[in-house]
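Observations on the model geometry
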Amino acid sequence: MGVWFISKCIEKGVDAHYAVSPRILEELSKNKIDLDNNRVRVFEHSPARSKQARFDLIEYERSLMPEAVFTVFGPAYVNFAKPHICGFADGWLSHSTWIVYKKVFKGNWLVACQLFATSVYKAIKIRQANAWVFEADVAAEGLAKRAVLPRDNCFVIPNNCSDIFTRRAATKVDFSGQLKFLYFTADYAHKGISNYLGYAKALSELAPKLDFKFVITIDETSVTARKILIQAQELGITHRFNFCGYVSIDAAVTLIDSAHIVMQTSYLETFSANYPEAMSRQRPLVVSDFKFARDICQDAASYVDPDKAKEVAESILKLCQDPDLVKKHVECGRAVLADLPNSEQRFAGYMTIIRTIAQQRSASCVE
């Protein structure tokens, strides 16, 4: 999102300065975004964890005197002097439930309570902004209620995939050879990555002759991956996993094109870009059966309970064996994508909100 927004600002000639993390700067460079170094400042540490970073952000704003400040995903943990429009996509705060807490933490209530306390802190800090932008109605309605935000200043602009996913024609999925089931994810508890050991075991038992591999984008040396591989070795199914690590945006299209099914079995999302990314590349989806997924994917996915390994394995196997179901996913995916705002529309929506809030605050100051 950050890379996309900055690239659009540069493309459109928006008079803006950018405070970015090293990772975002790296992605911008990989995408050959023509940066004016005088307009980019790199912050090595997140303001969420660094008091110095928060102080430096305040000083950066003071030196620039902008008309407004836009945070792609907040809270920013800074009380800016100028109108602050804050993007938000933290489902734990906006629309999590106790059921999700129980599924994710499975009785580890100390960690659950720590996360809950962090969410309360975020709810306080998110109120430092003047307007908020969400990717889904469920998040806007939830945060407005939980953080007591003015609903009129909570805006929704649905997510979509980056332009890079539509620059070249998608290829039809061919269920031959070794089958790859891709989970594009970061290593967070709510992503349910540990469940994949059960999925691999169940699928191996249901279809012993099926040549398949789960491709998961976390590092092979991570604690989560090591735990899975140790248990997988005991079960004799280590060959069912490829922990490929972090994948840059420019390599994401190729990775999805190499997959036969895209998985999104998280317990909590706002609007995962994995949905439109898979749809744009004509790949069928297997996703968690939660409202946040159904609201977006509609009939373009197979829905599963991520806790039920056999159910997940059966859904995967059905897609492998039923070309009509795959065709339905792809066709319904096209319809979903057609209803989502394209890159130009999304960017125009963000800029309209930013300018409107800046003008409103300017007018109120004059009065």
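See the structure printed just above.
About the thresholds
- Residues numbered from 1 in each chain as written.
- Predicted model: local features only at pLDDT ≥ 70, side-chain atom pairs only at ≥ 80, totals over all residues.
- Heavy atoms only, no water.
- Helix = DSSP H or I, 4+ residues; strand = E, 2+ residues; numbered from the N terminus.
- Axes fitted to C-alpha atoms, helices over the stretch in contact; angles between N-to-C directions.
- Parallel < 35°, antiparallel > 145°, perpendicular 65-115°, else oblique.
- Contact = heavy atoms within 4.5 Å.
- Nonpolar A, V, L, I, M, F, W, Y, C, P; charged D, E, K, R; others polar.
- Core = buried A, V, L, I, M, F, W, Y, C linked by side-chain atoms within 4.5 Å.
- Buried < 20%, exposed > 50% of the residue type's maximum accessible area, 1.4 Å probe, protein only.
- Pairing = 2+ DSSP bridges.
- Right-handed = clockwise from strand over helix to strand, strands pointing away.

Let's talk about unusual backbone geometry
Looking along the chain, the bond that leaves Gly74 and enters Pro75 is cis, with omega of 5 degrees. Along the chain, Pro75 falls in the loop between β3 (69-71) and β4 (84-87). Although it is not a glycine, Met65 adopts a positive phi angle of roughly 50 degrees. Within the secondary structure, Met65 is located in the loop between α3 (51-64) and β3. The phi dihedral of Val148 falls on the positive side, at around 55 degrees, and the residue is not glycine. With respect to the helices, strands and loops of the structure, Val148 is situated in the loop between α7 (137-146) and β6 (154-156).

Overview of the packing of helix α13 (residues 309-321) against helix α14 (residues 323-339)
Any two packed helices are characterised by the angle at which their axes cross and by the distance between the axes. Packing of α13 against α14 leaves a shortest axis separation of 5 Å and a crossing angle of 100 degrees. With respect to their mutual orientation, α13 and α14 come out roughly perpendicular. Seen from α13, the contacting residues are Lys318, Leu319 and Gln321; seen from α14, they are Pro323, Leu325, Val326 and His329. Partitioned by chemical class, the residues of the contact of α13 with α14 number 4 nonpolar, 2 polar and 1 charged.

Quick word on the nonpolar core
One finds Tyr275, Met279 and Leu285 to be the most contacted residues of the largest nonpolar core, which totals 38 residues. Within the residue set of this core, elements represented by two or more residues are α5 (98-105), α10 (249-257), α11 (274-280), β11 (285-288), α12 (291-297) and α14. With residues up to four places along the chain from it excluded, the contact list for Leu285 reads Val262, Asn274, Tyr275, Ala278, Met279, Cys297, Ala300, Ala301, Ser302, Leu319 and His329. One finds Tyr196, Ala202, Ala207 and Phe241 within the second-largest nonpolar core, a separate group that totals 37 residues.

Quick notes on the pairing of β11
On a regular strand, each side chain points to the face opposite its neighbour's, so the side chains alternate between the two faces of the sheet. Two elements, strand β10 (residues 261-264) and β11, share 3 bridges in a ladder whose sense is parallel. Bridge pairing links Gln264 to Val287 in β11. Handedness of the crossover joining β10 and β11 through α11 is recorded here as right-handed. Pairing of β11 with strand β12 (residues 302-304) involves 3 bridges; the strand directions are parallel. Paired with Val287 across the bridge in β12 is Tyr303.

Focus on the sheet that holds strand β8 (residues 212-216)
With respect to topology, 6 strands assemble into an open sheet ordered β9-β8-β7-β10-β11-β12, the strand pairing being parallel. Whereas interior strands pair on both sides, the edge strands pair on one side only; in this sheet they are β9 (241-243) and β12. Ignoring which end each strand starts from, the neighbouring axes of this sheet average 25 degrees apart. For β8 and β9, the ladder comprises 3 bridges, and the chain directions are parallel.

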